[in-house]
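One-letter residues, chain by chain:
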Amino acid sequence: MKQQSEKNTIIESLIKKYKDEKGNVIPLLQDIQDAFGYIPEDAVDLISKRLEIPESKLYGVATFYAMYRHRPGGRHLIQLCTNVSCMIMGAEMLVNFLKNRYGLEEGGTTPDGRFSLMIMECIGGCDTAPSMLVNNDFYGNLTKEKIEEILEKYK
Amino acid sequence: MEKILLRNIENPRSADIKEYIKNGGYKDLLLALKMQPGEIIEEVKRSGLRGRGGSGFPTGLKWEVALRDPKSPKYLICNADEGEPGTFKDRLIMEKNPHLLIEGMIIAGYAIKAEYGYIYLRGEYPYVKKILSRTIKEAYDKGYLGEDIMGRGVKFHIKLYQGAGAYICGEETALIESIEGKRGQPRIKPPFPASTGVWGMPSVVNNVETLSNIPYIIEIGATAYLKIGTPECPGPKLYCVSGHVKRPGVYELPMGTTLREIIYTHAGGVRDGKRLKAVIPGGISTPILPPQNIDCTMDFVNMPRYGSALGSGAIIVMDETVCLLKVCERALRFFAHESCGKCTPCRIGTKRMLETIQRILRGAERDEDIESLLELGSVMDAASFCPLGQTAPNLVISTINHFREEFESHIKEGRCPS
Ligand SMILES: Cc1cc2nc3c(=O)[nH]c(=O)nc-3n(C[C@H](O)[C@H](O)[C@H](O)COP(=O)(O)O)c2cc1C
Ligand code: SF4
Ligand code: FES
C-alpha cells in the first residue's frame, strides 16, 4: 500500500499533466488506473476539485467504460476472451481451467493476490482463438497447458 | 491480386519508417500535396471508395461536405475502435503497416483542410498503442507531420486517443462524445459529424482500412483503382476469417470475392474433415448464412440480396459440432453488455432476448418463445435509436429463419441436435 501523501502526489501530478487538455477525463482516469491498478475514490475526489467537474459526472464516465476497475485487483490482470470465435474454439474450457487450477472466477482475484480475471468481449485475436491478454501482452492459440506455461512468467 | 494494404508485411521490420520509405512510402503524400484539396476529393469520389467500417458510405462525399463547411478548425478522426466480434484487420494494418495509415490520414486531412487528426484506438490494443506512438513520432521526426509538412506550408497534427472498452464507441457520434471526455452515447443525426462533429466542428470519421486505401488511389489514380473489385464496390478488401477453418487469418482480396472462395480456397476449408454448418459473414451483428448460401459475393451491394451484410468483413466459420443457440446466447450477452442504455428497445430488448434464449437452452418447453424472440427482434429493429440495437437481433432472427428445427428440438427435447 502506498502512503496517502505519496498517493496524492501521484494523483496531483497526473491531473497537472492533463489540466489544460480538452477531453482529458478518459486518458486521465486511464493513467490513474495504470498507477494504482484501479481508480481510487480519493482520485475521483481530487479530480473533481482540481478540474471543477462534478463527482457524479466523473463517476458517470468511470462506470460507463468496461476497462475501468473500481477495486484493487491482483498483480497481474488476465483478460480472457469468450466471444463467439473464442467460444467455438474452446474458451469455455479455459474459463473452467482457470477456476479449477487457480481458483479464479470472473471478476475475482486469487487469494495470494497474484492474478485477477476479466472475461472479455472480442479482443481482436479471433484468428488465434482462444485468445487473452495478460497485462499488456497478447497470447493466442491457447490451451490449458499453454496458459499454465504463460502464467508461470508472471510472479 | 497485388497486395496493397498488406504490402511488404512479411518483412519483420515492415512497421519501421525506413522500410516503408524504401518501398515507396510517403511518395503519394508528396503527389497529393501538389494537388488541390478539391482535386483529391474528386479523385477519391471517382474511385468509388466506400467506407470499410461497416456502413459502406462513399468516402469522397463525406469529405466534400466537410471541406465545404465554413467552420474551422476541422478534424479528421481515424476510427480504430475495431470492436465488432470476429474483426482483426485494422489491428494488422496498424501493427504491420502503420505508416500507410498515417500517410492516408495526412492526405485525407489535407483534402478536407483539417489541421488536426485523432486516432481513436480501442483500449484492448495496448501493444498497438506502443507501435502507433512510435510511428507518429517517426513521422514527426521526418517532417511528414507538423507545422510545415515537407516544406509545403501544410499543417497537420495527429493525436492518439485510447478508448476504455465500450463497443458503442465505434459508432461515430458515440466516438466523438468519448473524445470529448463523456460517456460514449450516440448523438442524434443529423447534424452529421461532417458538419458538426468533435467540439462542434466539421469532422470526418473514417475507418483504418478506408484511410489506408487513400495513398494507393493517389498513386495509381481512380481509373486504375476502379479495375479492382466490383464496379459498385471497387478496391481491395481485408476479410477476417476465424473459427473452424484450416487457415484462419486476414486475406486481402478484391471486393466482391465469394464467401465460398474465401473459405475454401484461401482459408483452406473446414478443418478436421468436418461438415460446414453455418457462417456469420460480417461480424456478429450480421445475419447468419447456411452452407447453401455461401456463393454470395462479399461486398456492400450484393450481401443484402443474400439476406446478410458485408459488415466489417468478419467471417466466422462454424462446423457441425457447434450449437447455434449457444452462439446466439453468447452474442446476446455481448449486446446486452454493450448496449449503452440510452434507449429502451435496445437496453431492455437485448436483456429480454437473452433471457428467452437462456430459457430455451434450459429446455423449458415453451413453444411461444420462438415467436416472442421474433417479435422482440422486430420491435428492436424498428425502434432502437442507433444501429447497435437495430442489428443486435440479426443473428438470432436469421438463425430462427434458417435453423428453426434446432430451436424446436431444444424446446421440445431439451437438447441440442448437433
Ligand atoms: C455499434 C457500432 C459500432 C461500430 N464500430 C465501428 C468500429 O469499430 N470501427 C469502425 O471503423 N466503424 C465502426 N462503426 C461505423 C462507424 O459509425 C462509422 O460508420 C465509420 O467509422 C465510418 O468510417 P468509414 O466511412 O470509413 O467506414 C460502428 C457503428 C456502430 C453502429
Ligand atoms: S440502440 Fe442501444 S446502443 Fe444505440 S442508443 Fe439505443 S441503447 Fe444505446
Ligand atoms: S472472439 Fe475472441 S478474440 Fe475475437
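Residues numbered from 1 in each chain as written. Chains lettered and ligands numbered in written order. Predicted model: local features only at pLDDT ≥ 70, side-chain atom pairs only at ≥ 80, totals over all residues. Heavy atoms only, no water.

What is the right way to look at the site of ligand 1 in this model?
Residues and elements named next belong to chain B. Around ligand 1, the structure places 19 residues, and the nearest of them are Gly53, Lys62, Asn79, Asn207 and Thr210. One of the side-chain N or O atoms of asparagine 79 is found 2.9 Å from an oxygen atom in ligand 1. In this structure, an oxygen atom belonging to ligand 1 sits 2.7 Å away from a side-chain N or O atom of asparagine 207. When the free accessible area of ligand 1 is taken as 610 Å², the share hidden by the protein chains comes to 91%. Residue assignment for the shell around ligand 1 shows that the elements contributing at least two residues are strand E4 (203–207) and helix H14 (387–391). When residues of the shell around ligand 1 are assigned to their parent elements, the largest contribution, three residues, is made by E4. Looking at the shell around ligand 1 residue by residue, the classes come out as four nonpolar, nine polar and six charged. (Near = heavy atom within 4 Å. Polar contact = N/O pair within 3.5 Å; in protein donor to acceptor, adjacent residues only side chain to side chain. Areas by Shrake-Rupley, 256 points an atom, 1.4 Å probe, with all protein chains shown as cover. Helix = DSSP H or I, 4+ residues; strand = E, 2+ residues; numbered from the N terminus. Nonpolar A, V, L, I, M, F, W, Y, C, P; charged D, E, K, R; others polar.)

Looking at this structure, I do not really get the packing of aromatic side chains. What am I missing?
Centre distance and the angle of the planes are the two values used to describe a pair of aromatic rings. Evaluated as defined, the whole model comprises 13 aromatic pairs over all chains. The interplanar angle of 50 degrees and the centroid separation of 6.2 Å between the aromatic rings of B:Tyr125 and B:Tyr127 together place this pair among those described as tilted. Through a chain of ring-to-ring contacts, three or more aromatic side chains come together here, namely A:Phe64, A:Tyr65 and A:Tyr68. If you follow B:Arg122 out to its NZ or CZ, it ends over the ring of B:Tyr125, 5.1 Å from the centre. It is B:Lys342 that lies over the ring of B:Phe385; its NZ or CZ is 4.8 Å from the centre. (Phe/Tyr/Trp six-rings, centres within 6.5 Å; stacked < 30°, edge-to-face > 60°. Lys NZ or Arg CZ within 6 Å of the ring centre and 35° of its normal.)

Help me out: how do you make sense of the site of ligand 2 in this one?
Within the structure, ligand 2 sits among 13 residues, and B:Cys340, B:Lys342, B:Cys343, B:Cys346 and B:Cys386 are positioned closest to it. Classifying every residue of the shell around ligand 2 gives eight nonpolar, four polar and one charged.

Whenever I open this one, the packing of helix H3 (residues 37–47) of chain B against helix H9 (residues 208–225) of chain B confuses me. Can you help?
The description of two helices packed together rests on the angle between their axes and the distance between the axes. All names here are of chain B. It is the contact of H3 with H9, at a shortest axis distance of 9 Å, that shows an interaxial angle of 60 degrees. What the angle tells us is that H3 and H9 run oblique. Here H3 and H9 pass one another in a crossing that is left-handed. When H3 is examined against H9, the residues Ile40, Glu43, Val44, Arg46 and Ser47 are found in contact with a partner set consisting of Ile214, Ile217, Ile218, Gly221, Ala222, Thr223 and Tyr225. Here the contact of H3 with H9 is composed, by residue class, of seven nonpolar, three polar and two charged. (Axes fitted to C-alpha atoms, helices over the stretch in contact; angles between N-to-C directions. Parallel < 35°, antiparallel > 145°, perpendicular 65-115°, else oblique. Left-handed = near helix turned anticlockwise from the far one by under 90°. Contact = heavy atoms within 4.5 Å.)

How do you make sense of the domain arrangement of chain B when you look at a structure like this?
Residues and elements named next belong to chain B. Taken domain by domain, chain B comprises domain 1 (17–225), domain 2 (236–319) and domain 3 (324–413). Distance between the C-alpha centres of domain 1 and domain 3: 35 Å. Across the boundary between the two partners, domain 1 contributes ten residues, which contact nine residues of domain 3. When domain 1 packs against domain 3, close to 810 Å² is buried across both sides, 74% of that on carbon and sulfur atoms. Counting the surface domain 1 buries against domain 3, the share from its top three residues, Tyr167, Ile168 and Pro186, is 57%. (Domains from an automatic or database assignment. Buried area = accessible area lost by both parts, 1.4 Å probe.)

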